[in-house]
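Understanding the architecture of this molecule
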Amino acid sequence: MNQERIARRGQFQGVIVSHCPFGQGYNSLIIRFEGIASVTIAKAQPGQFVQVACGPAGITKGTTLRRPFSISGVTLDGDTTCLEIIYRIIGPGTEALANMSVGDMIDVLAPLGQGFKLPKDPDAKCLLLGGGIGLPPMFFLADRLAQQGVDRVGFAAARNIEVVQNDIVAEAIVDNPLVPSKAMKHFNASDTGSIIASDDGSCGFKGNILEALEGFLARHPDWNIATMYACGPEPMLKALALFAQAVDMECQVCMEAYMACGIGVCQSCAIELAGGERSYKLVCAHGPVFNGREIKW
Amino acid sequence: MNQERIARRGQFQGVIVSHCPFGQGYNSLIIRFEGIASVTIAKAQPGQFVQVACGPAGITKGTTLRRPFSISGVTLDGDTTCLEIIYRIIGPGTEALANMSVGDMIDVLAPLGQGFKLPKDPDAKCLLLGGGIGLPPMFFLADRLAQQGVDRVGFAAARNIEVVQNDIVAEAIVDNPLVPSKAMKHFNASDTGSIIASDDGSCGFKGNILEALEGFLARHPDWNIATMYACGPEPMLKALALFAQAVDMECQVCMEAYMACGIGVCQSCAIELAGGERSYKLVCAHGPVFNGREIKW
Amino acid sequence: MTDKNVDLGVQFGPLKLANPIMTASGTCGYAFELRDFVDMDRLGAYITKSITLEPRMGNKPQRTYEVASGMMNAIGLANVGLDKFIEEKIPLLEKMNVPVIVNVAGKEVPEYVKVAKEVSAQDCVAGLELNVSCPNVKEGGISFGTDPKLIQELVGSVRQACPDTFLIVKLTPNVTDITVPARAAIDAGANALSLINTFMGLAIDAEKRKPILANRTGGVSGPAVKPMALHMVNRVYNEVAKDAGIPILGMGGITNATDAIEFILAGATGISVGTNVLINPGCLNEIEVGLKEYLIRHHETKLSDLIGKLK
Amino acid sequence: MTDKNVDLGVQFGPLKLANPIMTASGTCGYAFELRDFVDMDRLGAYITKSITLEPRMGNKPQRTYEVASGMMNAIGLANVGLDKFIEEKIPLLEKMNVPVIVNVAGKEVPEYVKVAKEVSAQDCVAGLELNVSCPNVKEGGISFGTDPKLIQELVGSVRQACPDTFLIVKLTPNVTDITVPARAAIDAGANALSLINTFMGLAIDAEKRKPILANRTGGVSGPAVKPMALHMVNRVYNEVAKDAGIPILGMGGITNATDAIEFILAGATGISVGTNVLINPGCLNEIEVGLKEYLIRHHETKLSDLIGKLK
Ligand SMILES: Cc1cc2nc3c(=O)[nH]c(=O)nc-3n(C[C@H](O)[C@H](O)[C@H](O)COP(=O)(O)OP(=O)(O)OC[C@H]3O[C@@H](n4cnc5c(N)ncnc54)[C@H](O)[C@@H]3O)c2cc1C
Ligand SMILES: Cc1cc2nc3c(=O)[nH]c(=O)nc-3n(C[C@H](O)[C@H](O)[C@H](O)COP(=O)(O)OP(=O)(O)OC[C@H]3O[C@@H](n4cnc5c(N)ncnc54)[C@H](O)[C@@H]3O)c2cc1C
Ligand SMILES: Cc1cc2nc3c(=O)[nH]c(=O)nc-3n(C[C@H](O)[C@H](O)[C@H](O)COP(=O)(O)O)c2cc1C
Ligand SMILES: Cc1cc2nc3c(=O)[nH]c(=O)nc-3n(C[C@H](O)[C@H](O)[C@H](O)COP(=O)(O)O)c2cc1C
Ligand code: FES
Ligand code: FES
C-alpha cells in the first residue's frame, strides 16, 4: 500500500477520550487517533462519515456489521487527531457502543464517502439545516465554514419544546434568529447563529424547518443567493430539496441508507435517482452528500 | 408453581457484590440473592453447581449457552444469600463473565445437580482432593464439614511451585501437613489442614496427589476408614478412584462434561458408566457427583 | 386495553390451545423436568422428546457444541424407549394441565407405526409429532424427510394404524424444496406440519484436527437458523398449507415474543422453542407475556388474526 | 521455525497461489475498491463481483440486513454489465499482482456463455467462477444450482465455448444433497468447485408486518452458516472432489485463520471471505498472518499438507 492511498482513508484503531450524554438518549463520543490514522482523519470533510465497530476493538469476531455515523467534528492536537460522533441510542449497535468506556480502543473505517462541497467564494452564504441525527454533520460544517469566515445560519428542527430540551438540540432556545447567544452547543461553539423550529411553537419558531427557512429568507432577501446544506429525516430533506428546486437554490442533502460495508463494495446502500429510468447510486461511495436534484423523492 | 418446587432450584437473578482475581487467571465472583432465590440457594450442597448466563442479565438474547461452575461457597446474611464461584478465564464465556462488574445483575440456574453425600457419623474422616478448577467445590465441602465438626484434610494438586504461587491454590505452602497455618485461602478459612502436592517437589510434597495421599495414609493409619471426595482433571480422578477401589475406600468424584442445559433436558452431558454394556448417566442431573466405581474410566 | 381483552388462543388442528407456545422436542424432557423454571400450566401445549421403540443410549459424548448464535447437537435420539415411556412417563403426562403431544421417531416404518399406535392409545396424548428426520436404515441411511416417497409411505402407514390421531409431521430443512415433503406429508394424511428440525453441520477442532462431536456431524439450531426457518414456514404456508387448511408449528431460533410474532406472521399457528429453553427456560413464560403486550400495543384482540398476515 | 520456513502456497487447479486466501464474489468490488484497507498483493487470488451480460440496477433497497451472527442480502446482482466491465474494470484488473478470477452470472445459458467467452479472452483473467445460484428464467425461476441437469447444460456449454479456461463452479447450499450438483458440475467439465453461496432466508419486521428486504427473501451469510458450509465442503471433498482431483474453494462464515484452517482440514484448497470483509476488511491480511502462526505452532512447513486432513 502506498502512502497516498493510506492517506485517503483506512481501517484505524483509536482510543476513546470522551464519552458522555448529549441531550437525552444521545451520546457524544470522541476518539483520539495517532500516526497515520491521525494524518488521514485530519483530512476528513464535513458530510463524511465513519463506520464504527460497536464493540471493543479486536473482539468484533465478525458477528455484527459496523454502524455508520456522521463525523460531527475533527480536532487536531499536535500529532493526534480527535474525531467526534454524536449518536442516538436506538438499537443493539448503538447500545453496545454506549457501553464502551473512556480508555477503550475502538475500530473505525474513516473517513468515508463524499462530503459537502464547500463554497469557494468567501462572500458565499450558507444555510445549514439539520433535524435529529442530521444535526451532527451540520456542527462539523459550521465549524469549517467558521474557519473560512463564510456567512452561515443554522436551522434545527424539533417537534416541540420537550424534544428541544431533552433531545439533541439541547438547551437552545433562541428568540432572535442570528443572535448567537445560548444557541445549540456546537453551532454556538462555531459562532453560528441558529434558529429552532418547533411544530407547536413551544420553542423558537412555530412551524416546520422549511417554514422557518422561508420566513428567514423573506426577512433577509440578501440570503436568496445562499446554498442549502441539509441533513435529517427524509420528509424534511424532500421538502427542502423541492423548495430549493422551486426557488432555484443550490441544495446539498446528506442522505441515509442501510449500509453493510460503507466502503462501496457490497451494493447495499443504493439510493434511487431522479429521472425516467430506474437507476441508483451508492450512498456510501457516491454520497452521502448528493445534490438535492439528483434524488428521486 | 408451588413453593416446594421453587424451593428446590430455579432461575434467579442476583447482584454481583464482589468480583476479584483469585490467583493468576482465576476470578472469585460473589453474587447476592434475595427473597425466594435466597431461600433456595441457601440450601445448596457442596458438589452442586450453577449455570451462569455469562453476560448482563436480561440481554442474553439467546446467543450463548450458559456455563457451568461449581459452587465454592454459600453464606447466609440475614434475608440474603451470597453464592461464590471461582472460575478460570479460558474462553469466550469466562471472558465475558470476567467483564462483569460489581453491581451488575447476573442470571443463574441454581442450585443444580446432586452434591456430595456428607457423612452422617460425626466420627467420620474425610479426604478432600482437588486439582485446578476442581478445588472450588472442595472449599465449599470443607466449610460444611467444619460446620459439622467432621475431621478432614485437604489435598491440592499442582504441577510446580509457579503453579502454586500463581494459580488457584494461591499462597499456600505447607510443610507440616495437618497444620492449618497459612494454608489455602479457603481451606484455611474453614480450619482445614491441607497438603500441596507438586510434581517436582518445588512446593509441598514431591509427587502427584495420589502419592501424597498414600504417604499421608501410611503415616496416619487411622485415616484408612476415611471417605474420599475428589474433583479435578480426569486423569487425577481416575487414579484416585482406582486407588480407592483397590483399598476398598469410599470415593465420591465430581465430574465434568460439556453441558448445554445443565438441568437434565437436553442429554448433552452423558458420561459412560462402568460395566459390560454401554450405558450413560447425565452429569448435570444424576451427577456431577458420582461414586468412583460407577464411572467407566 | 387490558390483559383480559387480548386472546392468545389458537386452533391447532383439533386442539384449542390457550396460546401458541409449545416446547420443542428434545429440549424440554419427557414431562415435568422444566417445572422449577417454567409454569407448565401456561404453555399452549407440551411436546415430549422423541420416543423410539427400543431404549436408545444415544451417541458417544461430546454431543453438543456452541456455534455462532446457536448450537449443534448429535444426541442420537437418546431416550428411554416405548415401554419405559408408557410405564414411567405417561403417568406424569397424565398430570399435565395442557395438551400433550408425543414426538415419535424410528429407523423403519414398522417401528414408527408400533410406537405411534401404542402412544396414541393413551388418553392423555392429544397428538403425535412424527420426527421424519432420522436416517432410514433400509434406504442406506438417507433421511426419511428428504425423500417424498418415504415420507408418504411413513405417514400413510401411521395414518392407517391411527386413523383418528392428530398427526403432526416434523420436516427437515435439509432439502432443496421444502414444499415437496410438505405436500407429501399432507397427501399422506398429516393434520399439521412442524418445521423446522435442525440443519446438518460440522464443527472442527482446528488444534486437534478432528470433529468436535463424537458423531462427526450434528444438527444446527438456534438464532443462526431463524432466517431460513422463517423462509420455509412462509413458503409452506403460502404454497401448500394455507389452501390445504393445515396448521404449521413454526420453530428455529425463537428466543422472544418478537421472534414468535415473526413466525406467526409468516404463517405459523403454533410456535416451539428449543435451543433457547436450554439457555433461558423462563422464556417460555416470557413469550406469553410478550405476545399479549404486542397485541395491546397494536390494538389487536386476537392473536389468531395475525397468522399468515405478512404483507 | 521462522516465518520464512512456512509455505502457504497452494495449487488451485492450474494456478499456483502464494496463499489460499481469496475474496468472495460480491463483497470485494470489481478491482481495487478495498486497497485502502487491504494489501491486495498479499491475496492468493482476487475474485470479482458477479458480471452479467447487461448492466443490472439490482433490487430496490433495503438490500441487506443484519441477522444473528450474519447478514442477509438481496443485492440482485447489481453490476455494470459486460461491456462496461471490459472497458472500465479490465484495465484495472490488469494492474493486479495476483491472479484474477471473474465471477460470471446470468439468467439463461447463452448469456453465461457470451460473458464467459468474452471475459476469459482477457489476458489478465486467470479463471472464471460461474455463479449458478441465480434463478433461471426459462425454467420458471428455479435456480440453476438446484437442478443437476441445468448445471450440466450450463457448465457444459461454457466449457465448450471456453475449452481452455479454468472453470470454477459455485454451488448453492439450498439443496438436499450437495454432492449431486457437485458431480454434475465436474462431469460437465468444471475444474474446481466453490461452496457455498448463501442460504435462502426471510427477515420480517414484526412491527410493520412486512419483509425487511424489498425483495422479500435474501441470502444468509456469515458465521451463522459456518457449520453447514464446513459440512458441505467436507462431504463434497470426501465423496466427490478428492477422487476426482478437483480442488474446492471453501467459504461461509470465515472470519479468521482458525476458521480458514477448519475449511482446509475439511478439504478446501482455497478459502474465500465474504461477509467478514464488510465488517473487518483487514481480516484478509490478518488471516495470512494467522495461517503462518498456525503452521509454526504445529511444526508444519506446508499448508497444503493440511488439505482434507480432518481425522
Ligand atoms: C451516512 C450515515 C450517517 C449517519 N449518521 C448518524 C449520526 O451522526 N448519528 C446517529 O445517531 N445516527 C447516524 N446514522 C444512523 C445510524 O447508523 C443508525 O442509527 C445505527 O446504525 C443504528 O444501529 P442500532 O444497532 O443501534 O439500531 P438498529 O436497531 O440496528 O437500527 C435502528 C434503525 O437504524 C437503521 N440502521 C441499522 N443499521 C444500519 C446500518 N448499518 N446502516 C444504516 N442504517 C442502519 C435501521 O434500519 C433502523 O431503522 C447515520 C446513518 C448513515 C447511513
Ligand atoms: C459441573 C461443572 C462444574 C464446573 N466448575 C467449574 C469451576 O468451579 N470453575 C471453573 O473455572 N470451571 C468450572 N467448570 C468448567 C467450566 O464450565 C468451563 O471452563 C467453561 O464452560 C469454559 O467456558 P469458556 O467459554 O470460557 O471456554 P470455552 O472455550 O467454551 O471452553 C473451554 C473448555 O471448557 C469446555 N466447556 C465449554 N463450555 C462448556 C460447557 N457448557 N460445559 C462444560 N464444559 C464446557 C470446553 O470443552 C473447553 O475444553 C465446570 C464444568 C462443569 C461441567
Ligand atoms: C439438544 C437438542 C435435541 C433435540 N432433539 C430432538 C428430538 O429428539 N426430536 C426432534 O424432533 N427434534 C429434536 N431437536 C430439534 C428441535 O426440536 C428443533 O426442531 C430445533 O432445535 C429448532 O428449534 P430451535 O432453534 O428453537 O432449537 C433437538 C434440538 C436440540 C437443540
Ligand atoms: C453482500 C453480498 C453480495 C454477494 N454477491 C455475490 C455475487 O454477486 N456473486 C456470488 O457468486 N456470490 C455473492 N455473494 C455470496 C458470497 O460470495 C459468499 O458465497 C457467501 O456470502 C458466503 O460467504 P461469507 O459467509 O464469507 O459471506 C454475496 C454475498 C454477500 C454478503
Ligand atoms: S454500504 Fe456497501 S456499497 Fe454502500
Ligand atoms: S446438560 Fe442438558 S441434560 Fe445435562
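Above: the structure in question.
Before going into details, it helps to say that this report is about the structure given with it. (Residues numbered from 1 in each chain as written. Chains lettered and ligands numbered in written order. Predicted model: local features only at pLDDT ≥ 70, side-chain atom pairs only at ≥ 80, totals over all residues. Heavy atoms only, no water.)

Residue and element names in this part refer to chain C. If you check the shell around ligand 3, you find 23 residues, and the closest are Ser 25, Ser 50, Lys 170, Gly 253 and Thr 275. Side-chain polar atom of Lys 49 to an oxygen atom of ligand 3: 3.2 Å apart, as the coordinates give it. A total of 600 Å² of accessible area belongs to ligand 3 in isolation, and the protein chains cover 97% of it. Classifying every residue of the shell around ligand 3 by side-chain character gives 6 nonpolar, 15 polar and 2 charged. (Near = heavy atom within 4 Å. Polar contact = N/O pair within 3.5 Å; in protein donor to acceptor, adjacent residues only side chain to side chain. Areas by Shrake-Rupley, 256 points an atom, 1.4 Å probe, with all protein chains shown as cover. Nonpolar A, V, L, I, M, F, W, Y, C, P; charged D, E, K, R; others polar.)

This brings us to the environment of Ala 116 of chain C. Residues and elements named next belong to chain C. Counting through the fold element by element, Ala 116 comes out in helix α2 (residues 109–120). As a C-alpha pair, Ala 116 and Asn 103 span 13 residues in sequence and 9.0 Å in three-dimensional space. Beyond its immediate chain neighbours, meaning those up to four positions away, Ala 116 contacts Val 104, Leu 128, Val 158 and Cys 162. (Helix = DSSP H or I, 4+ residues; strand = E, 2+ residues; numbered from the N terminus. Contact = heavy atoms within 4.5 Å.)

Here the focus is the site of ligand 2. Residue and element names in this part refer to chain B. Surveying the vicinity of ligand 2 reveals 21 residues, the closest of which are Arg 67, Pro 68, Arg 88, Gly 93 and Thr 94. Note that a nitrogen atom of ligand 2 is positioned 2.9 Å from one of the backbone N or O atoms of Ser 70. Contact between ligand 2 and Gly 91: an oxygen atom at 3.0 Å from a main-chain N or O atom of the residue. Against a free-state accessible area of 860 Å², the protein chains account for coverage of 82% of ligand 2.

On to the packing of aromatic side chains, then. Evaluation of the coordinates by the stated rule reveals 15 aromatic pairs over all chains. Seen from their ring centres, Phe 216 of chain B and Trp 223 of chain B are 5.4 Å apart, and the 75° between their planes marks the pair as edge-to-face. Side by side, Phe 216 of chain B and Trp 223 of chain B carry an identical accessibility label, which is buried. Taking 5.6 Å as the distance between ring centres and 80° as the angle between the ring planes, the aromatic pair formed by Phe 199 of chain C and Phe 199 of chain D counts as edge-to-face. In this pair, Phe 199 of chain C is assigned in strand β11 (residues 199–202) and Phe 199 of chain D in strand β11 (residues 199–202), connecting two distinct chains. Looking at Phe 199 of chain D, the relative accessible area reads 4%, which means it is buried. The rings of Phe 155, Phe 216 and Trp 223 of chain A are connected pair by pair, giving a single aromatic cluster. (Phe/Tyr/Trp six-rings, centres within 6.5 Å; stacked < 30°, edge-to-face > 60°. Buried < 20%, exposed > 50% of the residue type's maximum accessible area, 1.4 Å probe, protein only.)

Let's shift gears to the sheet that holds β11 of chain C. Within the open sheet, the 4 strands sit side by side as β5-β6-β14-β11 (chain C). Their pairing is antiparallel. Strands with a single pairing partner mark the edges of an open sheet, and in this sheet they are β5 (64–67) and β11 of chain C. Taken over all neighbouring pairs, the strand axes of this sheet differ in orientation by 40° on average, direction set aside. Where β5 of chain C and strand β6 (residues 70–73) of chain C come together, 4 bridges link them in antiparallel fashion. What sits directly across from Tyr 65 of chain C, in β6 of chain C, is Met 72 of chain C. Together, β5, β6, β11 and β14 (217–221) of chain C form the strand contacts of helix α5 (residues 226–244) of chain D, whose direction differs from that of β11 of chain C by roughly 75°. (Pairing = 2+ DSSP bridges. Axes fitted to C-alpha atoms, helices over the stretch in contact; angles between N-to-C directions.)

A separate point is the interface of chain C and chain D. In this assembly, 44 residues from chain C lie in contact with 43 residues from chain D. Taking both sides of the interface into account, the surface hidden between chain C and chain D amounts to around 3,700 Å²; carbon and sulfur atoms contribute 60%. For the pair chain C and chain D, the number of links is 4 salt bridges. Arg 209 of chain D is the partner of Glu 300 of chain C in a salt bridge, and the nearest nitrogen-oxygen pair spans 2.8 Å. The tally of links from chain C across to chain D stands at 24 residue pairs in polar contact (both at pLDDT 80 or more). (Buried area = accessible area lost by both parts, 1.4 Å probe. Salt bridge = Lys/Arg side-chain N within 4 Å of Asp/Glu carboxyl O.)

Listed by partner, the interface residues are 35 residues for chain D and 29 residues for chain A. Summed over both partners, the interface of chain D with chain A buries about 2,900 Å², with 57% contributed by carbon and sulfur atoms. Where chain D meets chain A, there are 3 salt bridges. Salt-bridge contacts for Arg 67 of chain A lead to Glu 66 of chain D; the nearest nitrogen and oxygen are separated by 2.8 Å. Between chain D and chain A we count 12 residue pairs in polar contact (both at pLDDT 80 or more) in total. Among the elements of the structure, β5 (64–67), β6 (70–73) and α7 (275–279) of chain D are those that each provide at least two residues to the side of chain D that touches chain A.

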